[in-house]
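Observations on the three-dimensional arrangement
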Amino acid sequence: MKKFSVVIAGGGSTFTPGIVLMLLANQDRLPLRSLKFYDNDGARQEIVAEACKVIMQEQAPDIDFSYTTDPKTAFSDVDFVMAHIRVGKYPMREKDEKIPLRHGVLGQETCGPGGIAYGMRSIGGVLELVDYMEQYSPNAWMLNYSNPAAIVAEATRRLRPNAKILNICDMPIGIESRFAQIAGLQSRKQLRTRYYGLNHFGWWTSIEDLDGNNLMPMLRAHTEKHGYVPLSSTEQTEVSWNDTFVKMKDVCLLDPDTLPNTYLKYYLCPDYVVAHANPERTRANEVMDHREKHVFNACRAITAAGNSTAGELEIDEHASYIVDLAAAIAFNTQERMLLIVPNNGAIPNFDADAMVEIPCLVGKKGPEPLTVGDIPHFQKGMMGQQVMVEKLVVDAWEERSYQKLWQAITLSKTVPSASVAKAILDDLIEANREYWPELH
Ligand code: NAD
Ligand code: G6P
Ligand code: MN
């Protein structure tokens, strides 16, 4: 069996250890000869990488493991780039979340003005990775988790049209795992679903088991009572995420024929989200206090002990999806997966050049999108508005245009007026001087 070479870009990410453990657990599906980490923050990456070195030495000493901040070393001789960078890191996420809240608008990593600000930082960072890949390993594929995926996907579609990059999201599969639990099934792979929308902005139209039994009525009934919370769950869910899953019982009422992505909460219930936010302590603070501390402390402990049992690092669903995708490309499995791809007629009554999140068959040539069909007025209206926000952000980045970015923030369903949009924009410009192109 062929063996592959992978570079993880964003080696210092809190998700890197989970991906490494998942890659190691899947050596029968995606055998590796080499694994590299790349990050532009060498000190942060080193903490994660030294712990992973211990784990690699224990579990797979024959896989060549290394880490670097040098693009040429990182991107040469690779088959897959698994990217999850966060330009500006958590301190900038904190600003994305807190600045809009100062103006009474929700603050969120990927939605509303915060997501737009993050998009303006991410576009350049992800394009840089694409260019390194094309320069040093032109046959490689980039599997990109870096957010905000919708804006990043529109930017790569427009600015690097021939790049072999696939943009993906783990939210639908995380929700599908919940659907499977609610339905009493072992795994999300026992479901066959249809879903469409934009990234962090979509709906399930059909959910069946593998025998073709319709699970939608049961899942709808459960959701209206309990949201996306299974009655008996062994999994630990953080309080803020649990609140989001519970809130789905209200969000789902907007359309009785479908089930919504959790992120629709931010567009359909923004007043509720603002009322329940603490402007002094947002999700970025929770992540810095919990996930980041937990992962980095575990890594330091493992490195100090020279032994993986000294710290607790978990495999997660998030990582399994990227392995599925790499294996589908590597071995032409034609697995059906949700990806963010150009619409190109899959939804005939929606813009052909919109990046949509829809089921695709994945093989060695990449994704082959399935036909969705025409969508109803409610979804079409919401998606039409949001997709133009995403396009305006890329316009603004490309043209260095203040005007386009003001329009983007004004058009976001999360923002009440043009004047509020302008006030938020002016604060965001101030906070992002180091990262955004200068706007005129
Ligand atoms: P993190 O801050 O822990 O890690 C990001 C790493 O990227 C850092 O080590 C940072 O130094 C590095 N980095 C930043 N800019 C870079 C650049 N230009 N070049 C190289 N490296 C760079 O963040 P995290 O919470 O682990 O998340 C990582 C990314 O994954 C984020 O974009 C997050 O939104 C995304 N994510 C996406 C999904 C999805 O569904 N698509 C799911 C989970 C996480
Ligand atoms: C989900 C989404 C990601 C997002 C993440 C945020 O997994 O699909 O796109 O980055 O949630 O989670 P966090 O724990 O960092 O708030
Ligand atoms: Mn996502």
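Given the structure is predicted, the values throughout are model-derived calculations rather than measurements.

Section: the site of ligand 2
In the neighbourhood of ligand 2, the contacting residues comprise Arg93, Glu109, Asn147, Cys169, Asp170, Met171, His200, Trp241, Tyr263, Arg283, Val287 and Arg291. Here Asn147 contributes a side-chain N or O atom positioned 2.8 Å from an oxygen atom of ligand 2. Measuring from an oxygen atom of ligand 2, one finds a side-chain N or O atom of Arg291 at 2.8 Å. If ligand 2 stood free it would expose 390 Å²; the protein chains cover 86% of that surface. With 3 residues, helix 12 (residues 283-305) is the largest single contributor of residues to the shell around ligand 2.

Considering the nonpolar core
Leu35, Leu143 and Met383 are the most contacted members of the largest nonpolar core, which has 93 residues in total. With 8 residues, the single largest contributor to this core is helix 13 (residues 317-331). Counting 28 residues, the second-largest nonpolar core is a separate cluster that includes Met120, Leu392, Leu405 and Ile424.

Description of the packing of aromatic side chains
Summed over all chains, the structure comprises 16 aromatic pairs. Relative to Phe65, the ring of Phe37 has its centre 5.0 Å away and its plane inclined at 85°; by these criteria the two rings are edge-to-face. Of this pair, Phe37 sits in strand 2 (residues 32-38) while Phe65 is found in strand 3 (residues 64-68), placing the two residues 28 residues apart along the sequence. Residue classification places Phe65 among the buried positions, given a relative accessible area of 14%. Between Phe179 and Tyr228 the ring centres are 5.1 Å apart and the planes differ by 85°, which places this aromatic pair in the edge-to-face class. Taken together, the residues span a long stretch of sequence, with Phe179 in helix 7 (residues 171-182) and Tyr228 in the loop between helix 8 (216-226) and helix 9 (239-251) at a distance of 49 residues.

Details of the site of ligand 1
Around ligand 1, the structure places 26 residues, and the nearest of them are Ser13, Thr14, Asp39, Tyr90 and Tyr118. Glu109 places a side-chain nitrogen or oxygen 2.7 Å from an oxygen atom of ligand 1. Within the side chain of Arg291, a nitrogen or oxygen atom sits 3.3 Å from an oxygen atom of ligand 1. Notes on ligand 1: free accessible area 870 Å², of which the protein chains cover 96%. Looking at side-chain class alone, the shell around ligand 1 contains 9 nonpolar, 9 polar and 8 charged residues.

A short note on the UniProt feature "binding site: Mn(2+)" (unreviewed entry) in the chain
Under the local residue numbering, the UniProt record ascribes the feature "binding site: Mn(2+)" (unreviewed entry) to Cys169 and His200. These annotated residues cover 32 residues of sequence, but their C-alpha atoms sit close together, with the largest distance between any two at 8.1 Å. Mapped onto the elements, Cys169 comes out in the loop between strand 6 (165-167) and helix 7. Overall, Cys169 belongs to the buried group, its relative accessible area being 9%.

Digging into helix 6 (residues 149-159)
The periodicity of an α-helix, 3.6 residues per turn, causes residues three or four positions apart to be oriented the same way. Along helix 6, 8 of the 11 residues are buried, which leaves the element largely enclosed by surrounding structure. Within helix 6 the residues assigned to the buried category are Ala149, Ala150, Ile151, Val152, Ala153, Glu154, Ala155 and Thr156. Each element contacted by the buried residues of helix 6 is listed here: helix 5 (112-136), strand 5 (141-144), strand 6, strand 10 (335-342), strand 11 (355-363) and helix 14 (377-399).

What about the coordination of the manganese ion (ligand 3)?
For the manganese ion (ligand 3), the full set of protein donor atoms is Cys169 (SG) and His200 (NE2), at a range of 2.2 to 2.4 Å. Remark: His200 occurs in the loop between strand 7 (191-198) and strand 8 (201-209) and Cys169 occurs in the loop between strand 6 and helix 7; sequence separation between them is 31 residues. On the basis of relative accessible area, His200 is assigned to the buried category, the value being 5%.

With respect to the environment of Tyr272
The residue Tyr272 is located in helix 11 (residues 270-275) in this model. Separated by 138 residues in the primary sequence, Tyr272 and Thr410 place their C-alpha atoms 20 Å from one another.

Looking at the sheet that holds strand 8
Ordered in space as 7-8-9, the 3 strands form an open sheet in which the pairing is antiparallel. Strands at the two margins of the open sheet, each flanked by one partner only, are strand 7 and strand 9 (259-260). Where strand 8 meets strand 9, 2 bridges bridge the pair, whose relative direction is antiparallel. Looking across to strand 9, one finds that Trp204 is bridged to Leu259. Set on the sheet, helix 8 makes contact with strand 8 and strand 9; between it and strand 8 the angle comes to about 125°.

How each quantity is defined
Along each chain, residues carry numbers from 1 onward, in the same order as the chain's sequence is written. Whichever chain is written first becomes A and whichever ligand is written first becomes 1, with later ones labelled in order. Only residues with pLDDT of 70 or above have their local features reported here, since the model is predicted, and side-chain atom pairs are shown and tallied only from 80 upward, although totals for entire chains, interfaces and linings are computed over all residues. Where side-chain values are given, they derive from all heavy atoms of the structure, hydrogens and water being excluded. Summary of the distance rule: residues count as near a molecule or strand when at least one heavy atom falls within 4 Å of that molecule or strand. In protein, a polar contact requires one atom able to donate a hydrogen and another able to accept it; more generally it is a pair of N or O atoms within 3.5 Å, and residues adjacent in sequence count only if both atoms are side-chain atoms. Surface accessibility follows the Shrake-Rupley procedure with a 1.4 Å probe radius. Residue values consider only the protein chains on display as shielding. Each helix is a run of DSSP H or I of at least 4 residues and each strand a run of E of at least 2, with the numbering of both proceeding from the N terminus. Among buried residues, the Ala, Val, Leu, Ile, Met, Phe, Trp, Tyr and Cys ones that are joined through side-chain atoms within 4.5 Å form a nonpolar core. We call a residue buried when its accessible area falls under 20% of the maximum for its residue type, exposed when it is over 50%, and partly exposed in between, using a 1.4 Å probe and counting protein chains only. Note on aromatic contacts: the rings of Phe and Tyr and the six-membered ring of Trp form a pair at centre separations within 6.5 Å, being stacked when their planes are under 30 degrees apart, edge-to-face when over 60 apart, and tilted otherwise. Classification used: nonpolar for Ala, Val, Leu, Ile, Met, Phe, Trp, Tyr, Cys and Pro, charged for Asp, Glu, Lys and Arg, polar for all others including Gly. UniProt positions are given in the numbering used here, feature names are shortened, and annotations may be inferred rather than shown by experiment. Contact criterion: two residues are considered in contact whenever any of their non-hydrogen atoms come within 4.5 Å of each other. For Na, K and Ca the donor cutoff is 3.2 Å, while for all other metals N, O and S atoms must lie within 2.8 Å; water is not among the atoms, so some sites may look incomplete. We call two strands paired when DSSP finds no fewer than two bridges between them. Each axis is a line fitted through C-alpha atoms, and for a helix only the stretch in contact is used; angles between axes span 0 to 180 degrees, taken between their N-to-C directions.

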